[in-house]
Amino acid sequence: SMARVERPVPPTALGRARQALSLATTPGSLPCREAERAKIFTFVEQAINDGAACLGRCLYISGVPGTGKTATVREVIRSLRSK
């Protein structure tokens, strides 16, 4: 599970919207993304373990804005760094 970082709430509506939409803001959990997270985790972990043998491989992640693509990848990277 992801750690949630608490930040002070900006005093203006614009500031609150900016904070909510920031790529630095990560939700505490990403519901309904377990299967996608597992695929990304496996791909990245295998690429790290394969070293130079992974050259030329890529993972394409697509979807409409706001569905958790960036947050999922960042969470996977955090998980792998803590291993």
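Residues numbered from 1 in each chain as written. Predicted model: local features only at pLDDT ≥ 70, side-chain atom pairs only at ≥ 80, totals over all residues. Heavy atoms only, no water.

### Things to note about the overall build of the protein chain
In step 1: When helices and strands are tallied, the protein chain shows 3 helices and 0 strands.
In step 2: The linear arrangement of helices and strands in the protein chain, starting from the amino end, is α-α-α.
In step 3: With 83 residues in all, the protein chain has 19% of them scored as buried.
In step 4: Across the protein chain, every contact between residues at least 6 apart in sequence was considered, and the portion connecting residues at least 24 apart equals 61%.
In step 5: Total accessible area on the protein chain stands at roughly 6,400 Å², and carbon and sulfur atoms take up 61% of it. (Helix = DSSP H or I, 4+ residues; strand = E, 2+ residues; numbered from the N terminus. Buried < 20%, exposed > 50% of the residue type's maximum accessible area, 1.4 Å probe, protein only. Contact = heavy atoms within 4.5 Å. Areas by Shrake-Rupley, 256 points an atom, 1.4 Å probe, with all protein chains shown as cover.)

### Observations concerning the pattern of salt bridges
In step 1: If you walk through the whole model with that rule in mind, you get 4 salt bridges.
In step 2: With its nearest N and O atoms 2.5 Å apart, the salt bridge here joins Glu75 to Arg37. Separated by 38 residues along the polypeptide, Glu75 in helix 3 (residues 69-81) and Arg37 in helix 2 (residues 34-50) bring together distant segments of the chain.
In step 3: Measuring nitrogen to oxygen at the nearest pair gives 2.5 Å for the salt bridge that ties Lys83 to Glu45. Taken as a pair, Lys83 in the segment after helix 3 and Glu45 in helix 2 lie far apart in primary sequence, 38 residues in all.
In step 4: Overall, Lys83 belongs to the exposed group, its relative accessible area being 65%. (Salt bridge = Lys/Arg side-chain N within 4 Å of Asp/Glu carboxyl O.)

### Brief notes about the environment of Cys32
In step 1: Tracing the chain through its elements places Cys32 in the loop between helix 1 (13-21) and helix 2.
In step 2: The sequence separation of Cys32 and Gly68 amounts to 36 residues, and the corresponding C-alpha distance is 9.9 Å.

### Some remarks on helix 3
Turn by turn, an α-helix covers 3.6 residues, leaving residues three or four places apart pointing in a common direction.
In step 1: Between its first and last C-alpha, helix 3 extends 19 Å over 13 residues, near the 18 Å set by a 1.5 Å rise per residue.
In step 2: All of the buried residues along helix 3 are Ala71, Thr72, Glu75, Val76, Ser79 and Leu80. For helix 3, the angular spread of the buried residues around the axis is 170°, confining them to a single face.
In step 3: Residues of helix 3 that are buried sit in contact with helix 2. (Expected span 1.5 Å × (residues − 1). Arc of directions from axis to C-beta.)

### Examining the environment of Thr72
In step 1: Examined against the element boundaries, Thr72 turns out to sit in helix 3.
In step 2: Between the C-alpha atoms of Thr72 and Ile40, which are 32 residues apart in sequence, the distance is 8.3 Å.
In step 3: Excluding anything up to four places from it in sequence, Thr72 contacts Leu30, Arg33, Arg37 and Ile40.
In step 4: Among the polar contacts listed, one links the side chain of Thr72 to the backbone oxygen of Gly68, at a separation of 2.6 Å. (Polar contact = N/O pair within 3.5 Å; in protein donor to acceptor, adjacent residues only side chain to side chain.)

Remember, this is a structural readout, not a statement about activity or role.
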